[in-house]
Amino acid sequence: MAAKIKIATTSLAGCFGCHMSFLDIDERLLKLADVVEFDRSPLTDIEHCGPCDIGLIEGGVCNSENVHVLREFRANCKILVAVGACAINGGLPALRNFFKLEDCLLEAYQDGIGVDNPQIPNDPELPLLLDKVRPVHEIVKIDYFMPGCPPSADVFWSYLSALIEGRDPTLPYELVHYD
Amino acid sequence: MSGTLCIDGITVPFSDGQTIIEAARSAGVYIPYLCHRPGYAPYGSCKLCTVKVNGRTNTACTLPAADGQTVISNSPDLQYDRQRITQMLFVEGNHFCPSCEKSGNCQLQAVAYHQNMLDNHYPHFYAQRELDASHPDILIDHDRCIFCNLCVRASKEKDGKEVFGIAGRGINKRLIVNSPSGKLKDSDISVNDEAAHVCPTGAILVKRSAYLAPIGERIYDQHPISEVACEKAAIKAGEARGYGSCDPTRLPSPSQQNGGPDSHYAATMPPAPDIKHGR
Ligand code: SF4
Ligand code: SF4
Ligand code: FES
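Residues numbered from 1 in each chain as written. Chains lettered and ligands numbered in written order. Predicted model: local features only at pLDDT ≥ 70, side-chain atom pairs only at ≥ 80, totals over all residues. Heavy atoms only, no water.

Caption draft 1: Seen up close, the interface of chain A and chain B. With 25 residues of chain A in contact, the opposing surface of chain B contributes 30 residues. Between chain A and chain B, a total of about 2,300 Å² is buried, with carbon and sulfur atoms accounting for 59% of that surface. Of all residues in chain A, Phe98(A), Tyr173(A) and Tyr178(A) bury the most surface against chain B, accounting for 35% of the area lost on that side. The interface formed by chain A and chain B holds 0 salt bridges in total. Viewed at the interface, chain B and chain A are joined by 12 residue pairs in polar contact (both at pLDDT 80 or more). For the side of chain A that touches chain B, the secondary-structure elements that each account for two or more residues are helix H4 (84-89) and strand E6 (129-134) of chain A. Counted by class, the side of chain A that touches chain B contains 15 nonpolar, 6 polar and 4 charged residues. (Contact = heavy atoms within 4.5 Å. Buried area = accessible area lost by both parts, 1.4 Å probe. Salt bridge = Lys/Arg side-chain N within 4 Å of Asp/Glu carboxyl O. Polar contact = N/O pair within 3.5 Å; in protein donor to acceptor, adjacent residues only side chain to side chain. Helix = DSSP H or I, 4+ residues; strand = E, 2+ residues; numbered from the N terminus. Nonpolar A, V, L, I, M, F, W, Y, C, P; charged D, E, K, R; others polar.)

Right under this line is the structure:
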């Protein structure tokens, strides 16, 4: 049997909606499982991504850990795909770009309504926030983009089928949506 | 003067006073555009309609059609340039389509879909722009303005008011409102004005009209902009000149045309939502 295609997935500054949409391919998951093996992904709980054929990145880049994960994916994946609006343009998390980082922290941890024991978290374990949320293509080279918030299950299916078969993924008009 | 010109190998007739883009539309040939609108004086700011005419680069919305012109619109080079122009418009403003009321009815988005634009390519500006929700019926989200000048032209030429203007240059360019406070509420715009409905993006929105057509049932969810742009023109041309190339059953339904803020090709503006009486 031919070696299985290795896929890694991660959610950076995203809501996991793209991953949920991926799971929406439903019974096609079984077909996928015949030819694909998952490396790092919320499905496997593997901590670091090893050498892979395809990396799917959901979410934009909002903190130092996101940068490391993204670079690790780039170093290990032959093909890197930006999945969904947040990965492509920052999406909802990037709405904080219009405020000062300090104000965001104060609002969330100190001044916000209902905040108990107000304090700005400060622990070496915590990744540092970037001053702006950035789309992934501004940090590493991205090979393909899957638009949508989230991309529909059919978009995932169409893209993955093409990539697995070694074709360039293209989307028919009906599947191109930004919302 | 009238005659014929050749667009991408198709013979297209034109009549007196038509620009290349209008001759093309009448014949059912779609050349993408954003700052143009049928019935408005040409403006030529977005450059999306760039074509080669007899070997020279021109904007199809400003150049008068002339007998014997050879126009190339659909070449890979021009399509590439159009995609890059559209990507620039996206990164220059803040286009978060999933949270935009206009999504699905937006011409900017539809033009991007038409070009199969899957990413924004350039680094994002995340420009800081204000929202003006001061008016009871109309709001401006400056994040989404592409400076097409259509609201400026609508207010001046159609409504006889001059509510809008574009000030500044380059990165400092902005849409301004002609009122003592600079706020929309202190201007003399009314929800029935053409200027309130003409915006091709979600920058000027009529309040309380967001979900008249649900997401997924909006104009460009159902029809590519190339179809929407040309069908009515083609049907009209068909009546007049025996063009029979399009299938009227594929037109957006009248309810979509009215409900959707895209009054794009309606000869008259869609009725404004009955805001005074609530719904
Ligand atoms: S104006 Fe159009 S392109 Fe911009 S966010 Fe709204 S739907 Fe998207
Ligand atoms: S507000 Fe709309 S109509 Fe006016 S210039 Fe901006 S994009 Fe064009
Ligand atoms: S439509 Fe011709 S320049 Fe904008």
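Text resumes after the structure shown.
Caption draft 2: Quick look at the site of ligand 2. Taken together, 13 residues sit near ligand 2, with Cys145(B), Cys148(B), Asn149(B), Cys151(B) and Cys199(B) positioned nearest. Its residues placed into classes, the shell around ligand 2 shows 11 nonpolar, 2 polar and no charged. (Near = heavy atom within 4 Å.)

Caption draft 3: Seen up close, the sheet that holds strand E5 (residues 70-72) of chain B. All names here are of chain B. An order of E2-E1-E5-E3-E4 is seen for the 5 strands of this open sheet, with the pairing classed as mixed. Across the chains shown, the open sheet's two edge strands, defined by having one partner strand only, are strand E2 (10-14) and strand E4 (56-59). Each adjacent strand pair in this sheet contributes to an overall mean axis angle of 35°, direction not counted. Its contacts with the sheet place helix H2 (residues 76-92) against strand E3 (50-53) and E5, and it is angled at close to 155° to E3. (Pairing = 2+ DSSP bridges. Axes fitted to C-alpha atoms, helices over the stretch in contact; angles between N-to-C directions.)

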